[in-house]
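Chain residues, written in single-letter form:
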Amino acid sequence: MKLFASESEVLAPLVSGWFLEHAWLIPVVPVIAFALIILFGKRLPMKGSELGVLSMLSSLVLAAGAGYQWIQRTNSATEEQFVEPVIKSWSWWRSGGFDFGIGQHIDGLSVLVLIVVAFISTLVQIYSLEYLRGDRRYTHFFAALTLFSGGMLAMVLADNMILFLLGWEVMGLCSFMLIGHWWEDDANSKAALKAFFTVRTGDAGLLVGITMLYFSANDWTQEHLGVSGFSIRGISAWALSGEPNSTVITISAVALFIACIGKSGQFPLHTWLPDAMAGPTPVSSLLHSSTMVVAGVYLVARLYPVFFVGLDILGSGGNLIMIIGAITIVISAALAFVQNDIKRVLAYSTVSQLGYMMLGLGAGAWLPAVFHIFTHAFFKACLFLGAGSISHSASHHSFDMKRDMGGLRKVMPITFITWVISTLALCGVFPFSGFFSKDEIIDNVGHNGYTNFMIIGLVGAFMTAAYMTRATYLTFFGEPRGASAGENSHDSHDSHDSHDAHATHDSHDSHDSPATHDSGGSHGPHESGLLITVPLMILSVLALSSGFLNATPFGESWERMKLWVEPRAVEVVGVTHSGGPGEALIITAPGAEESHSESVCGSATPESGICYAPQLKHAPFKWSKAILSMFIVFLGAALSWILSLLLFTKRDRRLVGLTQRVKVLGLGHKFLVNKYYLDVLYEKVIVRSIAYPIASAAYWFNQNILDGILHGLANSTKKLSGWVYRNIDQRVVDGTVNNSATFTKSVGTAAQPTQSGKVSQYGALLFSAAAVAALVLVIINT
Amino acid sequence: MFVNQFLFLAAVLFCIGVYGVVARKNAVLMLMSIELILNSVNINLLTFALRNGSTDGHVFALYIIAVAAAEVGVGLGLVLLVYRNKKTISVDDLSEMRG
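Residues numbered from 1 in each chain as written. Chains lettered and ligands numbered in written order. Predicted model: local features only at pLDDT ≥ 70, side-chain atom pairs only at ≥ 80, totals over all residues. Heavy atoms only, no water.

Remarks on the overall build of chain A
Scanning chain A for helices and strands turns up 29 helices and four strands. Put simply, chain A has 782 residues, and 54% of those count as buried. Summed over its atoms, the accessible surface of chain A is roughly 32,600 Å², and 67% of this surface lies on carbon and sulfur atoms. (Helix = DSSP H or I, 4+ residues; strand = E, 2+ residues; numbered from the N terminus. Buried < 20%, exposed > 50% of the residue type's maximum accessible area, 1.4 Å probe, protein only. Areas by Shrake-Rupley, 256 points an atom, 1.4 Å probe, with all protein chains shown as cover.)

Quick look at the structure:
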């Protein structure tokens, strides 16, 4: 039986605090800073960058405070108590009976992502101080970067889908501005447009999903919770209530997932992500670690009940999320092998890691997937910033691993060590952070009965280890090549990829002057300055240690994330929805009697209460499985190392030019280099097949039907008009016209003196006539 | 509601505007006077809208503001062109339309 709050003794009052209640300030600060930078940035001593860094720092402080108080809040709850999120909402605008709210929804998930976003954004801004020094649109860059983070933060703590959509779109816009930061280069603005439009394609799904959810959930949420159908909390509860029509919720979930595919770069809309490398490296780092691409994963995690019910997560067989995630893992990892551009390798690895997160979410491994967002942010940001450090200080703004890098481990020790730590974390080597999240995902996928998908995950881990080893080898080992070897003829710049915009545009001239560059005029490879290396070191320490926050191998007491972040799947009864605006709902949870029984949430209709999170299972950790995946990773790394050594250093004759000699391999290589011809499919086939037939059909219609009708009409009109001209026009009309003209002429001559040509006179006439008319009207009416 | 006061204000503004249009020679000042007239009408609309408790008047007032903005844009453009061609903006010198 269910117990109400008054009868239950185990319920503890949840503590709250200033930081939790005022978490909505976290995105407000960067947004204000954005406005200030745009308005006054150019006049400030540091060109507005100090405002950006300061705002991100204060957001970080606020987010950390909220995190600390959230931990206190979860600690104050009993073990099986639902930890109520701190929700505040205000009415934003009303229109036609709809009330659009604005507010915050603070729970473990949003606090976690808030901290990560604020943290990475702060470090990236500090890094950009050095990396973009002397850029011609320095102020503009910091403004966009700040708004970008602000958009992500607003999206993360949104309490309803409208604010969520707002943050989502602000990010889309800012990513466009940042990717196209050096828009003078045609390739960069094309990449920015591609990113924007590809993401927009998915956004249609988000709009459809939000609308469908609103119209199907609104009645239920108003009745049971007193919130609108946009509320995230309302939608979650509605999805698990057993109420929704299964077709409606499935279609909504699919529509929302399409948005996630676009935003998070999942197959088949992943093509924009590698091109987004055209932006400055700090942007890539921010975009690929904690903001933008994580948004799609976050949406799935946030509205998990909708996907859980709509797409039948934990059901037998795979569902849409898992299939897309699994395809993404493998195809993007395969693409990473043929890239020469270090940032593109990292981009494809991001796509692949996002695939892991999706796979985890689809397979019911919610916590490992969310934890992977957390750990991935640190090591991926570190890798990208490392790549930026190399190009900034060693390879002369080139990102080409084969031509301009190699042997850098001796000249850039800090970059090298941080890179290696992050690579090990990415590959999931024990005890680096990636191990605790990625391995958990793979393990849980298997544990929930999806053996095939677990094998795909392991294959992905193998490929990850292999391509990262290849990239590390090409960058840091072997003989220095190209710019790293000290060759920096400026001619070579122009032949480089689009990313060289940095060199060819702004710092091209300033680069030669020692004052603007810390190298002091020396062009040889060297370690980067402190503003670059300190963020790298901080991130690599976190890449090493952040995994211990949920270290499943060491037992229950180490699983802090599970305690703090995972919503507890208990049926909440005794709902009072009297909470007005700005006041959190007061909800009590059932007593301890059924605390150890299986929760009905997610599997059946709750009888008397409301569920906010589905019941999920956790795989028990086994060392045997971990050792197996370690072995696979090691195998991948070792194989790739040997091949790289033979291919790039020893120039083994059996391997060099293999793709030219063996036809099948050559075809495969070509297929990969052309990115599975997806870009061709989108641009040449889909866009053309839609645009061309419409254009040619319109032309045919124009030439044959419209023109035919027009010609026929013209001929008959011509005949008719001849008759009309002779009989009606000449005799009847002309007669009338001539007579009336004579009449008008005489009237005109009479009225001519009034046409003085003076505007004031006309005005006086007009107004006096109006006054007379008004007078007449008044007299008639009285 | 001080309906009378509002209406009186509107009437005064209207008369000032009419005076400006009729008596001023400067084209820019004439445009400004027209603005006064439009805004006095706005005040009337809003007054009656408030008295009748309906929002129709507000809607019309908003439309008038939008149209007035467009009108000023066009008007100033005309004044600028006239100035370029004739080096004057006194409307008395513009009497080519005399019949």
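Here we look at the overall build of chain B
Within chain B, the regular secondary structure consists of three helices and zero strands. Here the C-alpha atoms of chain B give a radius of gyration of 17 Å, more than 25% beyond the 13 Å that 2.2 N^0.38 yields for 99 residues. The dimensions of chain B, computed from C-alpha atoms along their principal axes, are 50 × 25 × 25 Å. Burial statistics for chain B: of 99 residues in total, 25% are counted as buried. Residue pairs in contact within chain B that sit at least 24 positions apart in sequence constitute 52% of those at least 6 positions apart. Accessible surface computed for chain B: about 6,600 Å², of which carbon and sulfur atoms make up 71%. Of the side chains in chain B, 7 bear a positive and 6 a negative charge, and the two mean positions are spaced by 7 Å. (Rg over C-alpha atoms; globule rule 2.2 N^0.38 Å. Contact = heavy atoms within 4.5 Å. Lys, Arg positive; Asp, Glu negative; His and termini not counted. Charge placed at Lys NZ, Arg CZ, Asp CG, Glu CD.)

Quick notes on the interface of chain B and chain A
Tallying the contact residues gives 14 residues for chain B and eleven residues for chain A. Across the chain B to chain A interface the summed buried area is about 930 Å²; carbon plus sulfur atoms make up 67%. Inspection of the region where chain B meets chain A yields zero salt bridges. Seen at the junction of chain B and chain A, the total is zero residue pairs in polar contact (both at pLDDT 80 or more). Every element with two or more residues in the side of chain B that touches chain A is listed here: helix 1 (3-23) and helix 2 (27-52) of chain B. If you tally residues by element for the side of chain B that touches chain A, the top one is helix 1 of chain B, at four residues. Its residues assigned to classes, the side of chain B that touches chain A comprises nine nonpolar, two polar and three charged. (Buried area = accessible area lost by both parts, 1.4 Å probe. Salt bridge = Lys/Arg side-chain N within 4 Å of Asp/Glu carboxyl O. Polar contact = N/O pair within 3.5 Å; in protein donor to acceptor, adjacent residues only side chain to side chain. Nonpolar A, V, L, I, M, F, W, Y, C, P; charged D, E, K, R; others polar.)

Concerning a nonpolar patch on the surface
Together, Trp 700, Phe 701, Ile 705, Leu 706, Ile 709, Leu 710 and Leu 713 of chain A give the surface a local cluster of nonpolar side chains, amounting to about 680 Å² of exposed area. Counting through the fold element by element, Ile 705 of chain A comes out in helix 28 (residues 678-751). (Patch = residues over 30% accessible without salt bridge, like charges linked within 9 Å, V, L, I, M, F, W, Y side chains within 5 Å.)

As for the pattern of salt bridges
Residues and elements named next belong to chain A. Taken as a whole, this structure holds eleven salt bridges over all chains when the rule is applied. In this structure, the salt-bridge partner of Glu 21 is Lys 88, at a minimum N-O distance of 3.6 Å. Within this pair, whereas Glu 21 is found in helix 1 (residues 18-21), its partner Lys 88 is found in strand 1 (residues 86-95), the two being separated by 67 residues in sequence. Measuring nitrogen to oxygen at the nearest pair gives 3.6 Å for the salt bridge that ties Arg 344 to Asp 275. One end of the pair, Arg 344, is in helix 15 (residues 342-362); the other, Asp 275, is in helix 10 (residues 272-275), with 69 residues separating them in the sequence. There is no split in this pair, since Arg 344 and Asp 275 are both buried. Connected through salt bridges with shared partners, the residues Glu 169, Arg 200 and Asp 203 form a single ionic network.

Considerations on the nonpolar core
Within the largest apolar cluster, 196 residues are counted, with the highest numbers of intra-cluster contacts made by Ile 120, Leu 303, Phe 307 and Trp 366 of chain A. If one sorts the elements of this core by residue count, helix 16 (residues 366-393) of chain A sits on top with 17 residues. Leaving out residues up to four positions away in the same chain, Trp 366 of chain A has contacts with Leu 109, Ala 301, Tyr 304, Gly 360, Leu 361, Val 565, Glu 566, Pro 567 and Leu 616 of chain A. In terms of nonpolar packing, the next biggest core, distinct from the first, is built from nine residues, Phe 767 of chain A together with Val 21, Ala 27 and Ile 37 of chain B among them. (Core = buried A, V, L, I, M, F, W, Y, C linked by side-chain atoms within 4.5 Å.)

A closer look at the UniProt feature "transmembrane region" (unreviewed entry) in chain B
All names here are of chain B. Residues annotated in UniProt with the feature "transmembrane region" (unreviewed entry) correspond here to residues 6-22, 29-48 and 60-83. Helix and strand shares over residues 29-48 are 100% and 0% respectively, and the end C-alpha atoms of the span are 29 Å apart. Taken end to end, residues 60-83 is 100% helix and 0% strand, and its two terminal C-alpha atoms sit 34 Å from one another. (UniProt positions renumbered as here; feature names shortened; annotations may be inferred.)

A few points about the packing of aromatic side chains
All names here are of chain A. According to the stated counting rule, one finds 24 aromatic pairs over all chains in the structure shown. With centroids separated by 5.3 Å and ring planes inclined at 90 degrees, the aromatic side chains of Trp 18 and Phe 19 adopt a geometry described as edge-to-face. Residue classification places Trp 18 among the partly exposed residues on the basis of a relative accessible area of 46%. The class of Phe 19 is partly exposed, set by a relative accessible area of 27%. An aromatic cluster is present here, built from Phe 100, Tyr 214, Phe 215 and Phe 230 joined pairwise through their rings. (Phe/Tyr/Trp six-rings, centres within 6.5 Å; stacked < 30°, edge-to-face > 60°.)

Digging into the packing of helix 1 of chain B against helix 2 of chain B
All names here are of chain B. Closest axis-to-axis distance for the helix 1/helix 2 pair is 8 Å, and the angle between their directions is 165 degrees. Judged on the interaxial angle alone, helix 2 and helix 1 are roughly antiparallel. Judged by the twist between their axes, the crossing of helix 1 over helix 2 is left-handed. Facing helix 1, whose interface residues are Val 3, Phe 6, Leu 7, Leu 9, Ala 10, Leu 13, Phe 14, Ile 16, Gly 17, Val 18, Gly 20 and Val 21, helix 2 presents Met 30, Ser 33, Ile 34, Leu 36, Ile 37, Ser 40, Ile 43, Asn 44, Thr 47, Phe 48 and Arg 51. Residues of the contact of helix 1 with helix 2, tallied by class, amount to 16 nonpolar, six polar and one charged. (Axes fitted to C-alpha atoms, helices over the stretch in contact; angles between N-to-C directions. Parallel < 35°, antiparallel > 145°, perpendicular 65-115°, else oblique. Left-handed = near helix turned anticlockwise from the far one by under 90°.)

What to know about unusual backbone geometry
Residues and elements named next belong to chain A. Of note, Met 292 is a non-glycine position whose phi angle comes to about 55 degrees, a positive value. Mapped onto the fold, Met 292 is located in the loop between helix 11 (281-289) and helix 12 (293-302). Look at Met 292 and you get buried, because its relative accessible area is 1%. A positive phi angle, near 60 degrees, is found at Asp 312, a position not held by glycine. Relative to the assigned elements, Asp 312 resides in the loop between helix 13 (304-310) and helix 14 (320-336). Here Asp 312 falls in the partly exposed class, since its relative accessible area comes to 45%.

Focus on the packing of helix 2 (residues 25-40) of chain A against helix 3 (residues 49-76) of chain A
Residues and elements named next belong to chain A. Two numbers describe how helix 2 lies on helix 3: the axes approach to 8 Å, and their chain directions differ by 175 degrees. Classified by the interaxial angle, the pair formed by helix 2 and helix 3 is roughly antiparallel. Here Leu 25, Ile 26, Val 29, Pro 30, Ala 33, Leu 36 and Ile 37 of helix 2 lie close against helix 3, whose contacting residues are Leu 51, Gly 52, Ser 55, Met 56, Ser 58, Ser 59, Leu 62 and Ala 63. The residue makeup of the contact of helix 2 with helix 3, split by class, is eleven nonpolar, four polar and no charged.

Concerning helix 20 (residues 451-476) of chain A
Residues and elements named next belong to chain A. In this model, helix 20 (26 residues) spans 37 Å end to end at C-alpha, consistent with the 38 Å of a helix rising 1.5 Å per residue. In terms of residue burial, helix 20 counts as a mostly covered element, since 19 of its 26 residues are buried. Phi turns positive one or two residues past the end of helix 20, at Gly 478, with a value near 75 degrees. (Expected span 1.5 Å × (residues − 1).)

Section: the confidence of the model for chain A
A residue-level look at chain A finds 85% of positions with pLDDT of 70 or above and a mean pLDDT of 78. Note that pLDDT drops below 50 for residues 489-522 of chain A; the model gives that stretch 60 contacts with residues more than four away or on any other chain. (pLDDT = per-residue confidence, 0-100.)

Describing the environment of Leu 178 of chain A
Its place among the elements puts Leu 178 of chain A in helix 6 (residues 161-179). Discounting chain neighbours no more than four positions away, the residues touching Leu 178 of chain A are Phe 141, Ala 144, Leu 145, Phe 148, Gly 279, Pro 280 and Val 283 of chain A.

A look at the side chain of Thr 475 of chain A
Residue and element names in this part refer to chain A. For Thr 475, the position within the fold is in helix 20. The class of Thr 475 is buried, set by a relative accessible area of 0%. Within the local environment of Thr 475, its side chain forms a polar contact with the backbone oxygen of Ala 471, the two atoms lying 2.6 Å apart. If we skip the residues at most four places from it in the chain, Thr 475 touches Ile 342, Ile 390, Met 401, Met 405, Gly 406, Gly 407 and Leu 408.

Focus: the environment of Pro 753 of chain A
Residues and elements named next belong to chain A. Its place among the elements puts Pro 753 in the loop between helix 28 and helix 29 (759-781). Its relative accessible area of 69% is what places Pro 753 among the exposed residues. Between the alpha carbons of Pro 753 and Tyr 692 there is a distance of 64 Å; along the sequence they are 61 residues apart.

Quick word on the confidence of the model for chain B
All names here are of chain B. Residues of chain B with pLDDT of at least 70 account for 98%, and the chain-wide mean is 89. Across chain B, element-level confidence peaks in helix 3 (residues 56-86) with a mean pLDDT of 92 and bottoms out in helix 1 with 90. Reported confidences for the modelled complex are a pTM of 0.71 and an ipTM of 0.77.

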